[in-house]
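# Structural features, examined
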Amino acid sequence: MTGQLEQLAIRATVRIGPDAAPGTLWGSGFLVAPGWVLTCAHVLPLAGGAESVGTLRVQGYQLDTPARLAYWLGGGTDPEQDLALVRLADDAANGHACVRLTDRYDPPHQVTAFGWRTPTGGAPQRWNGHSECNGRDGSYGFTLAPHMEIPHGASGGPLLDRDHGVVAGIVKARRTGKDGGLAVAATALRGFREARAVGGENSLGADPYAALIRRHDRWHHRVTAGPNWVRLQGEPRAGGWGARDSAEASALLAELPRPVSSAELQRMISRVLGYEPLWEDELAPVDWRDGQGWAHDQPDGADIVALHYLLAVARSCRRRAPDAVAELERWVKARIEQLPGPFAALLRERADDDRELALGDDRLADDTDVHGSAGPVVPDGERPVVAVELELNPYGPGDRFHWRVWSWPDGPDTARMLDEDTEDEGAPLADLQRALHQPLRRAFRKLDAEHRRARLELALPVEHFGLDAHQWPRTAEPSMGAQRQVVLRSLNRRGEPAPVWRERWDGVAGSALKALPVHSPEYAKEALEAAAHDAVPVLCRPPQQDADSLTDAIGAGYGVALWSLKGEHARACGVDCGELYGRTAQLLGSVDGAAALPERLRALREQAGEEGGEDASWTAHVALLYDDPRRPLPVCDDPLDSP
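Since the model is a prediction, treat every value here as computed from it, not as a measurement.

Let us look at unusual backbone geometry. Here Trp472 and Pro473 are connected by a cis peptide whose omega angle stands at -20°. Examined against the element boundaries, Pro473 turns out to sit in the loop between β18 (455-460) and α11 (480-483). Here Gln62, not a glycine, exhibits a phi torsion of approximately 50°, which is positive. On the secondary structure map, Gln62 appears in the loop between β4 (56-60) and β5 (63-72). The class for Gln62 is exposed, based on a relative accessible area of 65%.

Following this line, the structure appears as structure tokens:
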């Protein structure tokens, strides 16, 4: 089996060089879908930028065609950044063998690396070598044992998992001065969700990873004649989950709409398995095929777990793609009949339960939210949330903050800590954007849905409520506040909410909101305490001048407030204050309850960045307190301070 698969891997492995000099070898690559070659970015001349790479020449088994760089992941030194997708000329897109990529999570053991090399003074020739994967280097790096020497030119070639008959990685580099080397795990392909398109490339749409892997799976399902890859992987042990099962299921999954969010998919897998896998954030599944990979090597049997998972996916997608789901369910039903009697009965019962639940879901079909997201109806105020605690380090130089990232994927009871600061002194306020960039990117990637992005909440001391995180990143458009809801919370409100906080929240939850202008700090406390529960304080003085009024508002139980972020405020109120009060009163009057306010403010910020959006430009200088007592910040036993 392995020998024939090696021949298919050789046919799918190509060499890459400049179109003007076809005999020049820059590096290797391999076909992953019709017309698409995966390689390492470092084999391409990217020093002058991706647009300067020019036309490439891709050559291999019965293949000699122009090509061009289409997508890449940044070209950094880390394994997950060192990948690129090359697109073949249209007339060469079909008719060439593609490798079969793994859907497994465990690292390979016995491996074969493939590529091309150039002997001294000779023409490029094929190369392969056997080794073992003997370790990990970060989330995406496989170290290869010193059983072979990887030659120059082999970078970008496929790494075959010989035990399971699938390509598990991409050859990256040899070790300087010794044998062995480094490969990039195939799971790093998920990074292409955020790939950099080159030259206006858009053929893989908004999610290049999903589009590519679905083309890959459709191709392997379609190609059944001759010594094809799936057939050569062999049949499973009795009652097992084989290569043909995996290929057919993957092709059916490829016809379904993408998961609403990565977090939804992860919760589904946890429910099917009965426990939450200990996946690293970087390796978490993002598309249906990834979830199927967790069925392997389960104590209850891969076939039972995989079929249970497919039933759960079918239920999730039934309203969005009824025809494709019907095809999947027909296949699952036929496959269930191959199981021993008790297991088949168990899964048939599961399928019947899902159909009953689906009928209930269909009755809610007309209630799909205004953003067009699918799945259970969730009020806007209960959308997925990412919250960042920012606690001042009292022992560090200047104003430095330790941070902790929480998420609420669903409702109030789903709080989970995702990440936290590891720096001894914390980060200065001016550096928070840089310090939080990667943690927030990982959190959003898990929770964002196609039409519904997670809200960002920043909890910090009131005296630092001048933070304008909705303006991040300051060097690019659009701003974060235009892309997603960005609100502030009081760091002092942890744990069980005070009764007055709940009462005031109930007052703004389902009714029209009324602006309560706070003109004078001297009388703010009295006015705030006396106001009706449907009032929303509006402060014209920025926090650096009037933190006391904001403190009084929080002490009086307000969960919603707005304030100016503009610089110095004159002793007396002027025209700017009147404009702020008028604009905020209009904003508050345009929403039906507090839950709609963060999204309305986000929409105005988005409008401000568009042509003709001058009337909404004032929103850049306003911050919003949105502090929901139904979802207080968790009390954590481990305080955020220096070790």
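From this point on, the discussion continues.
So, about the packing of aromatic side chains. As enumerated under the stated definition, the model contains five aromatic pairs in all. Ring geometry for Trp505 against Tyr626: centres 5.1 Å apart, planes inclined by 75°, an arrangement best described as edge-to-face. With Trp505 in helix α12 (residues 499-509) and Tyr626 in strand β23 (residues 622-626), the pair connects residues that are 121 residues apart, well separated along the chain. For the pair Trp505 and Tyr626, a shared accessibility class is recorded, and that class is buried.

This paragraph deals with the sheet that holds strand β9 (residues 141-144). Ordered in space as β7-β8-β9-β12-β11-β10, the six strands form a closed barrel in which the pairing is antiparallel. The average angle at which neighbouring strand axes cross in this sheet is 45°, direction not considered. Where strand β8 (residues 125-137) and β9 come together, four bridges link them in antiparallel fashion. From the neighbouring strand, Cys133 faces β9, where its bridge partner is Leu144.

What follows concerns the nonpolar core. In terms of nonpolar packing, the biggest core is built from 59 residues, with Val32, Trp36, Leu38, Val58, Leu69, Leu85 and Phe192 touching the most fellow members. Residues within four places of Leu85 in sequence aside, it is in contact with Val32, Trp36, Val37, Leu38, Arg68, Leu69, Ala70, Tyr71, Phe192, Leu204 and Leu212. Listed in part, the 45 residues of the second largest apolar core include Leu456, Met480, Ala556 and Leu625.

Looking now at the pairing of strand β20 (residues 514-518). With five bridges connecting them, β20 and strand β21 (residues 535-539) associate as parallel partners. Directly across from Lys514, in β21, lies its bridge partner Ala535.

Secondary-structure assignment places Ala243 in helix α4 (residues 243-253). For the pair Ala243 and Glu194, spaced 49 residues apart in sequence, the C-alpha to C-alpha distance is 29 Å. Beyond its immediate chain neighbours, meaning those up to four positions away, Ala243 contacts Val230, Gln233 and Gly234.

Here the focus is the pattern of salt bridges. Applying the stated criterion across every chain, the model contains 37 salt bridges. For the salt bridge of Arg330 with Glu327, the shortest nitrogen-to-oxygen distance reads 2.3 Å. Within this pair, Arg330 and its partner Glu327 are both found in helix α8 (residues 322-336), separated by three residues, close to a single helical turn. The class of Glu327 is partly exposed, set by a relative accessible area of 41%. In this structure, the salt-bridge partner of Glu391 is Arg494, at a minimum N-O distance of 3.2 Å. Of this pair, Glu391 sits in strand β14 (residues 385-392) while Arg494 sits in the loop between β19 (486-490) and α12; the two residues are 103 residues apart in sequence, bridging distant segments of the chain. Residue Glu391 is classed as partly exposed on the basis of its relative accessible area of 24%. According to the relative accessible area criterion, Arg494 is partly exposed, its value standing at 30%.

Let us now look at the environment of Leu528. Tracing the backbone shows Leu528 in helix α13 (residues 524-530). Considering only alpha carbons, one finds Leu528 and Asp552, 24 residues apart in sequence, at a separation of 7.4 Å.

Running from N to C, helix α2 (residues 208-222) and α4 point in directions that differ by 130°, and their axes come no closer than 8 Å. The angle between α2 and α4 falls in the class oblique. Along this stretch, α2 crosses α4, giving a crossing that reads as left-handed. In this structure, α2 contributes Arg214, Asp217, His220 and His221 to the contact, and α4 contributes Arg244, Ala247, Glu248, Ser250, Ala251 and Leu253.

This part takes up empty space enclosed by the protein. For the structure on display, the rule yields seven cavities of 30 Å³ or more. Volume-wise, the largest cavity comes out at about 130 Å³. Lining the largest cavity are 15 residues, and of these Arg104, Tyr105, Asp106, Phe142 and Thr187 sit closest to its centre. Looking at the lining of the largest cavity, its residues break down into eight nonpolar, three polar and four charged. Within this model, the second largest cavity holds a volume of roughly 100 Å³. Taken together, Leu101, Thr102, Asp103, Arg104, Ala186, Thr187, Leu189, Arg190, Tyr209, Ile213, Arg289 and Asp290 make up the full set of residues lining the second largest cavity. Counting only elements with at least two residues in the lining of the second largest cavity, the list comes to α2 and α6 (288-292).

Moving on, we come to the environment of Gly274. Positionally, Gly274 belongs in the loop between α5 (262-273) and α6. Put simply, Gly274 and Gly54 are 220 residues apart on the chain and 51 Å apart in space, counted from C-alpha to C-alpha.

Our next topic: the confidence of the model for the protein chain. In regions of low pLDDT, the predicted coordinates are not meant to be interpreted in detail. Chain-level statistics for the protein chain give a pLDDT mean of 87 and a share of 91% at 70 or above. Confidence drops under a pLDDT of 50 for residues 356-379, and excluding neighbours within four residues, the segment shows 26 contacts in the predicted structure.

The subject of this paragraph is helix α14 (residues 547-555). Those residues of α14 not exposed but buried are Ala547, Ser549, Leu550, Ala553 and Ile554. Seen from one end, α14 has its buried residues packed into an arc of 160°, which puts them on one side. Opposite the buried face of α14, at more than 90 degrees from it, the exposed residues are Asp548 and Gly555. Packing partners of the buried residues in α14 comprise β19, β20, α13, β21, β22 (560-564) and β23. Where α14 ends, the next residue or the one after it, Gly557, has phi of about 95°, a positive value.

Conventions used here
- Residues numbered from 1 in each chain as written.
- Predicted model: local features only at pLDDT ≥ 70, side-chain atom pairs only at ≥ 80, totals over all residues.
- Heavy atoms only, no water.
- Helix = DSSP H or I, 4+ residues; strand = E, 2+ residues; numbered from the N terminus.
- Buried < 20%, exposed > 50% of the residue type's maximum accessible area, 1.4 Å probe, protein only.
- Phe/Tyr/Trp six-rings, centres within 6.5 Å; stacked < 30°, edge-to-face > 60°.
- Pairing = 2+ DSSP bridges.
- Axes fitted to C-alpha atoms, helices over the stretch in contact; angles between N-to-C directions.
- Core = buried A, V, L, I, M, F, W, Y, C linked by side-chain atoms within 4.5 Å.
- Contact = heavy atoms within 4.5 Å.
- Salt bridge = Lys/Arg side-chain N within 4 Å of Asp/Glu carboxyl O.
- Parallel < 35°, antiparallel > 145°, perpendicular 65-115°, else oblique.
- Left-handed = near helix turned anticlockwise from the far one by under 90°.
- 1 Å grid on protein atoms, 1.4 Å probe; cavity = no way out; pocket = protein on both sides within 12 Å on 5 of 7 lines; lining within 4 Å.
- Points joined across faces, edges and corners; volume = space filled by probe spheres on them.
- Nonpolar A, V, L, I, M, F, W, Y, C, P; charged D, E, K, R; others polar.
- pLDDT = per-residue confidence, 0-100.
- Arc of directions from axis to C-beta.

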